[in-house]
Amino acid sequence: MENCGCITCDAATKELYEKAKNEGIETVWDRARAMQPQCGFGEMGLCCTNCGMGPCRIVKVSKDGPQAGICGATEDTIVARNFARSVAAGAAAHSDHGRDIALALYHVDDKARIKDEEKLFKLADEWGITVEGKDTVQVAKEVAEKALGEFGKVFGNLLFLKRAPEKRIKLWEETGVASEAIDKEIVRVLHSTHMGCDADYRNIIRQAIRAAMTDGWGGSMIGTELSDILFGTPMPKKVEANLGVLKKEYVNIVVHGHEPTLSEAIVVAARDPELVELAKKQGAEGINVAGMCCTGNEIAMRHGIPMAGNFFQQELAIMTGAVEAMIVDVQCIMPSLATITKCYHTKLITTSPKAKIPGATHIEFDEQKSFEIAKRIVKEAVMNFKNRKGEVHIPDEKSEGRIGYSLEAIIKTLDRVTNTHAHPSGTVKPLVDAIKSGVLRGAVAIVGCNNHKQPHDSCHVTLAKELLKRDILVVTTGCGAHACVKAGLMSDDARKYCGKGLATVCELLDIPPVLHMGSCVDISRILVLLSEVAKYIGGDISDLPVAAAAPEWMSEKAQAIGLYAVASGVYVLLGVAPAVTGSENVATYLTKDIESVFGGRFEIESDPVKAAEKIAAHIENKRKRLGI
Ligand code: SF4
Ligand code: FE2
């Protein structure tokens, strides 16, 4: 793909970026430009600050410069240690999110607060919790306790590892990556990468994998499962997306961050008749809640709340001048929001003790008083309506799509075909049949963030379109999901981008060609789907004609996701190179040799068209090996 030099392919983003330039307001793109050239040592992973003798850096351009740290750590050791620490931080973020959801479930004291009782009892059964004679609240408490035990239990492996195909479980055990307790594995990375500990890059990466596995098969999966139990398992619904969902005449509240506990409470509070009445008294027509980043995915999937935008649109939302409050919890929140809100009337409200921002108003969220606190926060927004300054500038741009494809929703959708063909219902058989026959060539998960190193949204969207035309089904989460819904790829009209086979499947199943599977923690849904398909064919995840791509990734969480996907047997294409290029050994291990161990590997390709070609070649290769 020729890079057109644009910062984004999204019209609303372009429009507001121009406004920012005219008003002299600095955005992520301006700060990225000012940062050039970025540190070459950091970019290659060659700077070590793990002890007070450092910082040490390895000079690659000349053999005259230092070739080892002061302690003697080589480039392989330094690069592997830095990578492992990033992975551990990513796994920590996702897992701590899961822990908070488990705590929320633990404190439930009213059956009415459990939205998916069936899923609760199913999980209790999976975890061997006896339910006879116990009421729903008691079962919820025991399930939550078991989930919390996953973080710090003294003995035993992660319970959710058992969801993988048998061959995969055996492989993890043989290769020493079957993770134990979540906190333990993350601590072990920090310990073994401490100065003077592990110097063997392969062993450091093995420990990093153990930590990464506690994300996808641990904390993230706990986050997803327990969120579904508490707030409901997502089912397909229509949603509007992009900054055009903000409404001039309404009190606009943007909820941004990750954990659904806060956003669920805000959604309920914003519908409170007393607060709606108060908004009207302030001159507004009502209260409009919109979601950003993964919080946006969570409440869109469960309530059809409009999706305001992804990571690179958070600053721009404030520049519309129409946002009364931006309410944030944890992860992917730019500290720059506090600076930008100074130029507008928007109140930035932080809610988590883990993420305070100087200049913001802090109203701490407490799950046990959730409604009360949410009402207080919404009231702050309502009372701020009258303080709007100057012109409101909301771009017209918005699209419509169908979202909410949890695993349960996918199975239900597949049942439509099953019922008409006398197949057993509740299985992935129709999906497997479509892949076997070649009508569908395979499936790809497009996930991850935005990154200034790639044009915003453009790589997500181009890659998706390139895959659709090759009859490859796309599933997506996170900021990739926002990009796809904004580009119209979750509408029926998107069938025009599909090859004949995929278009037929979409028509038959009445689905869009890009399936929204949720937030970043919901990649765990994809792991379960892959496991179900692999079990159905009696194979392993690494046998399947599938791949994952994070064309615009930026966060440490994305590195953890990439690594657990590779260890689960998936080919993972990254559009931005991780900081491992300083060590040929580490880079070669992650992009080549690791495949012979786990059946998955990383591929680095920044061009989304070439990325699609590589992914398609990988999928065809897998098909050949399966003899289909
Ligand atoms: Fe330098 Fe070694 Fe200390 Fe790292 S751990 S800063 S390489 S002396
Ligand atoms: Fe996310």
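If you're wondering where the values come from, they're calculated on a predicted model, not measured in any experiment.

This part is about the coordination of the iron ion (ligand 2). Every protein donor of the iron ion (ligand 2) is accounted for by His258 (NE2), Cys294 (SG) and Cys520 (SG), and the metal-donor separations fall at 2.3 to 2.4 Å. Sequence spacing of the donor residues for the iron ion (ligand 2), all on one chain, is H-x35-C-x225-C. Taken together, the positions of His258 in the loop between strand 4 (251-256) and helix 10 (260-270) and Cys294 in helix 12 (residues 293-303) put the pair 36 residues apart, joining distant regions of the chain. Cys294 matches His258 in its accessibility class, with the two residues each being buried.

So, on to the nonpolar core. Of all hydrophobic cores here, the largest spans 150 residues; its most connected members are Val143, Trp217, Leu226, Leu590 and Ile615. A per-element tally of this core places helix 9 (residues 201-231) first, with 15 residues. Among the nonpolar cores identified, the runner-up in size contains 38 residues, and Ala12, Leu316, Leu337 and Cys479 belong to it.

Among the structural elements, Glu117 can be located in helix 5 (residues 117-126). Sequence separation between Glu117 and Val59 is 58 residues; the distance between their C-alpha atoms is 58 Å. Leave out the neighbours within four places in its chain, and Glu117 touches Lys111 and Thr136. Looking at Glu117, its side chain comes within polar contact range of the side chain of Thr136, at 2.6 Å.

Attention now moves to helix 6 (residues 136-152). Here helix 6 contains 17 residues, and its C-alpha end-to-end distance of 25 Å stays within 8% of the 24 Å for a straight helix at 1.5 Å per residue. Check the buried side of helix 6 and you find it contacts helix 4 (75-106), helix 5, helix 8 (182-192) and helix 9.

Attention now moves to the packing of helix 5 against helix 6. At a closest axis distance of 10 Å, the pairing of helix 5 and helix 6 adopts a crossing angle of 50 degrees. Relative to helix 6, helix 5 is oriented oblique. Like other packed secondary-structure pairs, helix 5 and helix 6 cross with a definite hand, here left-handed. Contacts between helix 5 and helix 6 involve Glu117, Leu120, Phe121, Leu123 and Ala124 from the first element and Thr136, Val139, Ala140 and Val143 from the second. Here the residues of the contact of helix 5 with helix 6 sort into 7 nonpolar, 1 polar and 1 charged.

Below, the discussion takes up the UniProt feature "binding site: [4Fe-4S] cluster 2" (unreviewed entry) in the chain. What UniProt calls "binding site: [4Fe-4S] cluster 2" (unreviewed entry) maps, in this numbering, to Cys48, Cys51, Cys56 and Cys71. Spanning 24 residues, the named residues form one tight spatial group whose C-alpha atoms are at most 10.7 Å apart. Tracing the chain through its elements places Cys48 in strand 1 (residues 47-48). Residues in contact with Cys48, not counting those within four places in the same chain, are Gly54, Pro55, Cys56, Ile78 and Arg81. With respect to the helices, strands and loops of the structure, Cys51 is situated in the loop between strand 1 and strand 2 (56-57).

This part is about the state of the cysteines. A covalent bond between the sulfur atoms of two cysteines is referred to as a disulfide. Summed over all chains, the structure comprises 0 disulfides. Cys9 takes part in no disulfide bond, and the closest cysteine sulfur, belonging to Cys459, lies 8.5 Å away.

It is generally the case that most residues other than glycine have a negative phi and that most peptide bonds are trans. A cis amide bond links Gln36 to the next residue, Pro37, at an omega of -10 degrees. Of note, Pro37 is situated in the loop between helix 2 (28-34) and helix 3 (40-44). A cis geometry characterises the amide bond from Gly54 onward to Pro55, with omega recorded as 5 degrees. Mapping Pro55 onto the fold places it in the loop between strand 1 and strand 2. Located in the positive-phi region is Asp457, a residue other than glycine, with phi close to 65 degrees. Residue Asp457 is classed as buried on the basis of its relative accessible area of 2%. In the Ramachandran plot, Asp471 falls in the positive-phi region, its phi being about 65 degrees despite a non-glycine side chain. Here Asp471 is to be found in the loop between helix 18 (458-468) and strand 12 (472-477).

The domain boundaries assigned to the chain delineate domain 1 (75-231), domain 2 (243-387) and domain 3 (404-626). Each of domain 2 and domain 3 has a C-alpha centre, and the two are 32 Å apart. With 18 residues of domain 2 at the interface, the matching set in domain 3 holds 24 residues. Buried surface at the junction of domain 2 and domain 3, summed over both partners, amounts to about 1500 Å²; 66% is from carbon and sulfur atoms. A per-residue breakdown of the area domain 2 buries against domain 3 is headed by Met301, Asn310 and Phe312, which together make up 40% of the total. Summed over the shared surface of domain 2 and domain 3, the number is 14 residue pairs in polar contact (both at pLDDT 80 or more). Elements supplying a minimum of two residues to the side of domain 2 that touches domain 3: strand 5 (287-292), helix 12 and strand 6 (307-309).

So, how was this worked out
Residues numbered from 1 in each chain as written. Chains lettered and ligands numbered in written order. Predicted model: local features only at pLDDT ≥ 70, side-chain atom pairs only at ≥ 80, totals over all residues. Heavy atoms only, no water. Donors = N, O, S within 2.8 Å, 3.2 Å for Na, K, Ca; no water. Helix = DSSP H or I, 4+ residues; strand = E, 2+ residues; numbered from the N terminus. Buried < 20%, exposed > 50% of the residue type's maximum accessible area, 1.4 Å probe, protein only. Core = buried A, V, L, I, M, F, W, Y, C linked by side-chain atoms within 4.5 Å. Contact = heavy atoms within 4.5 Å. Polar contact = N/O pair within 3.5 Å; in protein donor to acceptor, adjacent residues only side chain to side chain. Expected span 1.5 Å × (residues − 1). Axes fitted to C-alpha atoms, helices over the stretch in contact; angles between N-to-C directions. Parallel < 35°, antiparallel > 145°, perpendicular 65-115°, else oblique. Left-handed = near helix turned anticlockwise from the far one by under 90°. Nonpolar A, V, L, I, M, F, W, Y, C, P; charged D, E, K, R; others polar. UniProt positions renumbered as here; feature names shortened; annotations may be inferred. Disulfide = S-S within 2.5 Å. Domains from an automatic or database assignment. Buried area = accessible area lost by both parts, 1.4 Å probe.

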